[in-house]
Amino acid sequence: MDPEIAALAGTAGTTLVSLLSTQVWQSTRDGVVALWRRVLPDRADSVSAELEATREDLLGARDHGDEETPAELAAEWQGRIRRLLSAHPEVAAELRSLLAEHADAAPAAGSITQQATASGSSRVYQAGRDLHLGPQ
């Protein structure tokens, strides 16, 4: 396996799954399906359906605080993309271009999302790093 193909597949799988939860998910899906349609046209419709299912799984996992499913979904797509690139390395440049086109929409790696609800006289303290309360 070409290390460059493996690295691209890894990046693409992770980025693809993260983009499925953004506002650019439809154009991302369309771009990925276009890759398959160009080299494996008989698989394009099933890839589109698989991307839709992945998005539903991803959104459901996030709604339930499931932190493992997004990584599992990314690994699944890494494998699919690696197999596509291994069989058709000529689409690597097109894949890179698609990823670059949507790079700004992808959530930052390691980003933190916090959500809290307080009711009555309760308090919520949240921090992205150190939190110091009271006198120092």
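Reading guide: rules and limits
Residues numbered from 1 in each chain as written. Predicted model: local features only at pLDDT ≥ 70, side-chain atom pairs only at ≥ 80, totals over all residues. Heavy atoms only, no water. Helix = DSSP H or I, 4+ residues; strand = E, 2+ residues; numbered from the N terminus. Buried < 20%, exposed > 50% of the residue type's maximum accessible area, 1.4 Å probe, protein only. Polar contact = N/O pair within 3.5 Å; in protein donor to acceptor, adjacent residues only side chain to side chain. Contact = heavy atoms within 4.5 Å. Patch = residues over 30% accessible without salt bridge, like charges linked within 9 Å, V, L, I, M, F, W, Y side chains within 5 Å. Areas by Shrake-Rupley, 256 points an atom, 1.4 Å probe, with all protein chains shown as cover. Salt bridge = Lys/Arg side-chain N within 4 Å of Asp/Glu carboxyl O. Lys, Arg positive; Asp, Glu negative; His and termini not counted. Charge placed at Lys NZ, Arg CZ, Asp CG, Glu CD. Phe/Tyr/Trp six-rings, centres within 6.5 Å; stacked < 30°, edge-to-face > 60°. Lys NZ or Arg CZ within 6 Å of the ring centre and 35° of its normal. Expected span 1.5 Å × (residues − 1). Core = buried A, V, L, I, M, F, W, Y, C linked by side-chain atoms within 4.5 Å.

Thoughts on the side chain of Arg 29
1) Next: With respect to the element layout, Arg 29 can be found in helix 2 (residues 25-39).
2) Next: Given the relative accessible area of 15%, Arg 29 is considered buried.
3) Next: At 3.1 Å, the side chain of Arg 29 forms a polar contact with the side chain of Asp 30.
4) Next: Setting aside anything within four residues of it in sequence, one finds Arg 29 in contact with Ser 48, Leu 51 and Glu 52.

With respect to a negative patch on the surface
1) Next: Judged by side-chain charge, Glu 56, Asp 57, Asp 66, Glu 67, Glu 68, Glu 72 and Glu 76 come together as a negatively charged surface patch.
2) Next: Looking at the element boundaries, Glu 76 is found in helix 4 (residues 69-87).

Comments concerning the environment of Asp 30
1) Next: Residue position: Asp 30 is located in helix 2.
2) Next: For Asp 30, a relative accessible area of 42% corresponds to the partly exposed category.
3) Next: Sequence separation of Asp 30 and Ala 44 is 14 residues, and the distance between their C-alpha atoms is 10.0 Å.

With respect to the packing of aromatic side chains
1) Next: All chains considered together, the criterion is met by one aromatic pair.
2) Next: Relative to Trp 77, the ring of Trp 36 lies with its centre 6.2 Å away and its plane at 85°, an arrangement referred to as edge-to-face. With Trp 36 in helix 2 and Trp 77 in helix 4, the pair connects residues that are 41 residues apart, well separated along the chain. The two residues Trp 36 and Trp 77 agree in class, both being buried.
3) Next: Taking NZ or CZ as reference, Arg 55 lies 4.0 Å from the ring centre of Trp 25, over its face.
4) Next: The ring of Trp 77 carries Arg 80 above its face, with NZ or CZ at 4.3 Å from the centroid.

Details of helix 3 (residues 44-63)
1) Next: Helix length check: helix 3, at 20 residues, gives a terminal C-alpha distance of 29 Å against a target of 28 Å (1.5 Å per residue), a fit within 8%.
2) Next: Taken together, the buried residues of helix 3 touch helix 1 (3-19), helix 2 and helix 4.
3) Next: Following helix 3 by one or two positions, Gly 65 adopts a phi angle in the positive range, close to 70°.

Section: the nonpolar core
1) Next: One finds Leu 51, Ile 81, Leu 85 and Leu 95 to be the most contacted residues of the largest nonpolar core, which totals 28 residues.
2) Next: Counting residues per element, the ones that place at least two in this core are helix 1, helix 2, helix 3, helix 4 and helix 5 (92-101).
3) Next: Apart from the residues within four sequence positions on either side, Leu 51 is in contact with Leu 16, Leu 20, Arg 29, Val 32, Val 33 and Trp 77.

Read these as geometric descriptors, not functional statements.
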